[in-house]
Amino acid sequence: MIQESDLIVYPYEELRDKAALYISKQRLVFEYPRDGYGVYNEGHILNIKNGYLGEFAFLEFVISKFKSEFGNDKDFWDKVKKKYIFSYNPVVGNYDKGFEFLINEKSVDIKMYGTKNVSREQIFNGLEKGGRPLNLLIDVEQGAKADVYVQTFILDNSDICLAGYYVGVPPVETWMPKPAHCCPITDLEPMNNFFDKVC
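Cut-offs applied
- Residues numbered from 1 in each chain as written.
- Predicted model: local features only at pLDDT ≥ 70, side-chain atom pairs only at ≥ 80, totals over all residues.
- Heavy atoms only, no water.
- Salt bridge = Lys/Arg side-chain N within 4 Å of Asp/Glu carboxyl O.
- Buried < 20%, exposed > 50% of the residue type's maximum accessible area, 1.4 Å probe, protein only.
- Helix = DSSP H or I, 4+ residues; strand = E, 2+ residues; numbered from the N terminus.
- Pairing = 2+ DSSP bridges.
- Axes fitted to C-alpha atoms, helices over the stretch in contact; angles between N-to-C directions.
- Parallel < 35°, antiparallel > 145°, perpendicular 65-115°, else oblique.
- Contact = heavy atoms within 4.5 Å.
- Nonpolar A, V, L, I, M, F, W, Y, C, P; charged D, E, K, R; others polar.
- Disulfide = S-S within 2.5 Å.
- Left-handed = near helix turned anticlockwise from the far one by under 90°.
- Phe/Tyr/Trp six-rings, centres within 6.5 Å; stacked < 30°, edge-to-face > 60°.

A. Region of interest: the pattern of salt bridges. Scanning the model with the defined rule gives eleven salt bridges in all. Residues K79 and D73 are paired through a salt bridge, measuring 2.3 Å at the closest nitrogen-oxygen approach. Owing to a relative accessible area of 35%, D73 belongs among the partly exposed residues under this scheme. One salt-bridge network, in which partners are shared between bridges, spans E13, R16 and E60.

B. Region of interest: the pairing of strand β9 (residues 180–184). Burial of β9 is extensive: four of the five residues sit out of reach of the surface. Strand direction decides the pairing type here: strand β5 (residues 135–139) and β9, joined by five bridges, are antiparallel. The residue bridging I138 from the neighbouring strand is H181, located in β9. By the bridge criterion, two bridges tie strand β8 (residues 172–173) to β9 in an arrangement that is antiparallel. When the bridges of β9 are listed, V172 appears paired with H181.

C. Fine view of the packing of helix α2 (residues 45–70) against helix α3 (residues 76–83). For the pair α2 and α3, interaxial distance at closest approach is 10 Å and the crossing angle is 110 degrees. In terms of orientation, α2 and α3 fall into the roughly perpendicular class. On the side of α2, the interface is formed by F66, K67, E69 and F70, while α3 contributes F76, W77, K79, V80 and K83. Tallied by class, residues from the contact of α2 with α3 come to five nonpolar, no polar and four charged.

D. A look at the state of the cysteines. For the structure on display, the rule yields zero disulfides. Free of any disulfide, C161 has its nearest cysteine sulfur in C183, 15 Å distant. Residue classification places C161 among the buried residues on the basis of a relative accessible area of 0%. Between C183, a cysteine without a disulfide, and C182, which holds the nearest cysteine sulfur, the sulfur-to-sulfur distance is 7.2 Å. The buried category is assigned to C183, whose relative accessible area is 4%.

E. The arrangement of the sheet that holds strand β2 (residues 86–88) in detail. Spatially, β1-β7-β6-β4-β3-β2 is the arrangement adopted by the six strands of the open sheet, whose pairing is mixed. Looking at strand neighbours, the two that pair on one side only are β1 (8–10) and β2, the edges of this open sheet. This sheet shows a mean twist of 25 degrees between the axes of neighbouring strands, independent of strand direction. In the packing of α2 onto the sheet, the strands contacted are β1, β2, β3 (101–103), β4 (106–118), β6 (148–155) and β7 (160–167), and the crossing angle to β4 comes to about 130 degrees.

F. Region of the structure containing the packing of helix α1 (residues 14–27) against α2. The contact between α1 and α2 brings their axes to 8 Å, and the two run at 130 degrees. Relative to α2, the element α1 lies oblique. Crossing of α1 over α2 shows right-handed handedness. Here R16, D17, A19, A20, L21, I23, S24, K25 and R27 of α1 lie close against α2, whose contacting residues are I45, I48, K49, Y52, L53, F56 and E60. Partitioned by chemical class, the residues of the contact of α1 with α2 number nine nonpolar, one polar and six charged.

G. Spatial organisation of the packing of aromatic side chains. Summed over all chains, the structure comprises 17 aromatic pairs. Between the aromatic rings of F66 and F86, the centroid separation amounts to 5.8 Å while the plane-to-plane angle is 90 degrees, which identifies the pairing as edge-to-face. Of this pair, F66 sits in helix α2 while F86 sits in strand β2; the two residues are 20 residues apart in sequence, bridging distant segments of the chain. Judged by relative accessible area, F66 falls into the buried class, the value being 1%. Between Y165 and F194, the aromatic rings sit 5.2 Å apart at their centres with planes inclined by 80 degrees, giving edge-to-face as the arrangement. Of this pair, Y165 sits in strand β7 while F194 sits in helix α5 (residues 194–198), and the two are 29 residues apart along the sequence. Residue class for Y165 comes out buried when judged on its relative accessible area of 0%.

Interpretation in functional terms is not warranted from these geometric data alone.
And the structure:
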């Protein structure tokens, strides 16, 4: 069970933000309208950008793990490659394969609650006071194809939060306007055991 102390937070960085915005603007012309999401246009750049910010935060999480495990040896990358097969595969101009990262043959899809910045309290108590925790959601129409899903958020101060992960595909819930694979944030695995359990 995830608690607030389990959240991994990366402070806002202007360079990270600008990189995500740049890629988002280039990618916009290739976006396709998804049923129920309206037409993708300039107003959707923020959603795309937030998705990249979640991916960048996960990338930082992975690199931090590699550095803590292997230090700054001159043969750092050789040691990493012997233990981990790793790639980050952002896609522009085509459909992705349902995930962005591969770590030792495990596919990892990063999910971002991209439409609204939230507080830590809202992650656990919902957008309305006393509500349910927010959820990891995967559209049924998207087709869940990854081995692992990581839920990320943009906090109300623009920091990026890795909340937790789910191995496999969560069950389908129908209480929303559109059916989705769904898991409350509190039921996710904490990120601090990601490499022990997933890799």
